[in-house]
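Overview (structure and organization)
Next come the chains, spelled out residue by residue.
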Amino acid sequence: AMVQGARDALGGLDTVVANAGVPTRYEPIEAIELSYWQRVLDIDLNGVFYTLRAAIPLLRAGDGGVILTVSSVGADMCGANGGAYVASKAAVNALTIMAARENARHNIRCNVIAPGLIATDMGDGLVSAHGEAIVKAIPMRRMGSPEEVGQLAVYLASDDAAWITGEVFRI
């Protein structure tokens, strides 16, 4: 309904961004409640899947387009005790790369934006829970801004990135 509604409201569809995530609980695998595991995968991974599933036929029916999914550098870091979040974001990376390979011939580019710690409610919550040491571990010694992530998204959706597909951009 979201994808159809966007297409109808905008008079077409050429760029789709699948961006959803919930903060993780930091607990070992054996302590993760099954309902929590399912909730995180439903939002972080299945939300992307459903968006791709709805958007790809519409983009194929047109002149192609761009799909951007949002993951996390956490997918690569695989820190202990972040099981559901890390697994879902790693799966988003793989799903997006697969979608890029399936749809390049249809002029559909699919890429992943994988932010690190961003100054949002979720990022602020991580700093509150784990302290300023996580900010100091970032090479730039600060959190990124939503605007910086947005600038990358604009570039990837533009014709300047017309030959880029199937990549994970860690920012």
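Note: the structure precedes this text.
Residues numbered from 1 in each chain as written. Predicted model: local features only at pLDDT ≥ 70, side-chain atom pairs only at ≥ 80, totals over all residues. Heavy atoms only, no water.

1. Points about the nonpolar core
- Grouped together as the largest cluster of nonpolar side chains are 18 residues, with contacts concentrated most on Leu13, Leu52 and Ile67.
- Only β1 (15–18), α2 (34–61), α4 (83–103) and β3 (108–114) provide two or more residues apiece to this core.
- Listed in part, the nine residues of the second largest apolar core include Val66, Leu68, Ala153 and Leu156. (Core = buried A, V, L, I, M, F, W, Y, C linked by side-chain atoms within 4.5 Å. Buried < 20%, exposed > 50% of the residue type's maximum accessible area, 1.4 Å probe, protein only. Helix = DSSP H or I, 4+ residues; strand = E, 2+ residues; numbered from the N terminus.)

2. Observations regarding unusual backbone geometry
- Despite not being glycine, Asn107 has its phi angle at roughly 65°, a positive value.
- Note on placement: Asn107 falls in the loop between α4 and β3.
- In this structure, Arg141 is a non-glycine residue whose phi angle is positive, near 60°.
- You can call Arg141 exposed: its relative accessible area is 57%.

3. Notes on the side chain of Asn111
- By the secondary structure assignment, Asn111 is in strand β3.
- Here the side chain of Asn111 touches Ile164 through a polar contact of 3.0 Å, landing on its backbone oxygen.
- A distance of 2.9 Å separates the side chain of Asn111 from the backbone nitrogen of Glu167, its partner in a polar contact.
- If near-sequence neighbours (up to four positions away) are discounted, Asn111 is found in contact with Ile67, Leu68, Thr69, Thr96, Leu156, Ile164, Thr165, Gly166, Glu167 and Phe169. (Polar contact = N/O pair within 3.5 Å; in protein donor to acceptor, adjacent residues only side chain to side chain. Contact = heavy atoms within 4.5 Å.)

4. A word on the pairing of β1
- Every second residue of β1 is oriented toward a common face, the buried set being Val16 and Ala18 and the non-buried set Thr15 and Val17.
- Of the strand pairs in this sheet, β1 and strand β2 (residues 65–70) are connected by four bridges, and their pairing is parallel. What sits directly across from Val17, in β2, is Leu68. (Pairing = 2+ DSSP bridges.)

5. Looking at the sheet that holds strand β4 (residues 168–170)
- Pairing in this open sheet of four strands is parallel, and the strands run β1-β2-β3-β4 from one edge to the other. Looking at which strands have only one partner, the edges of the open sheet turn out to be β1 and β4. Across this sheet, the average inter-strand angle for adjacent strands is 20°, counted without regard to direction.
- Inspection of the sheet shows β2 paired to β3 by six bridges, in the parallel sense. By the bridge assignment, Thr69 is partnered in β3 with Val112.
- With respect to the sheet, α4 is in contact with β2, β3 and β4, its orientation differing from that of β3 by roughly 160°.
- Across the sheet, helix α7 (residues 146–157) lies against β1, β2, β3 and β4, angled at about 165° from β3, the strand it touches most. (Axes fitted to C-alpha atoms, helices over the stretch in contact; angles between N-to-C directions.)

Don't take any of this as a statement about function, it's just geometry.
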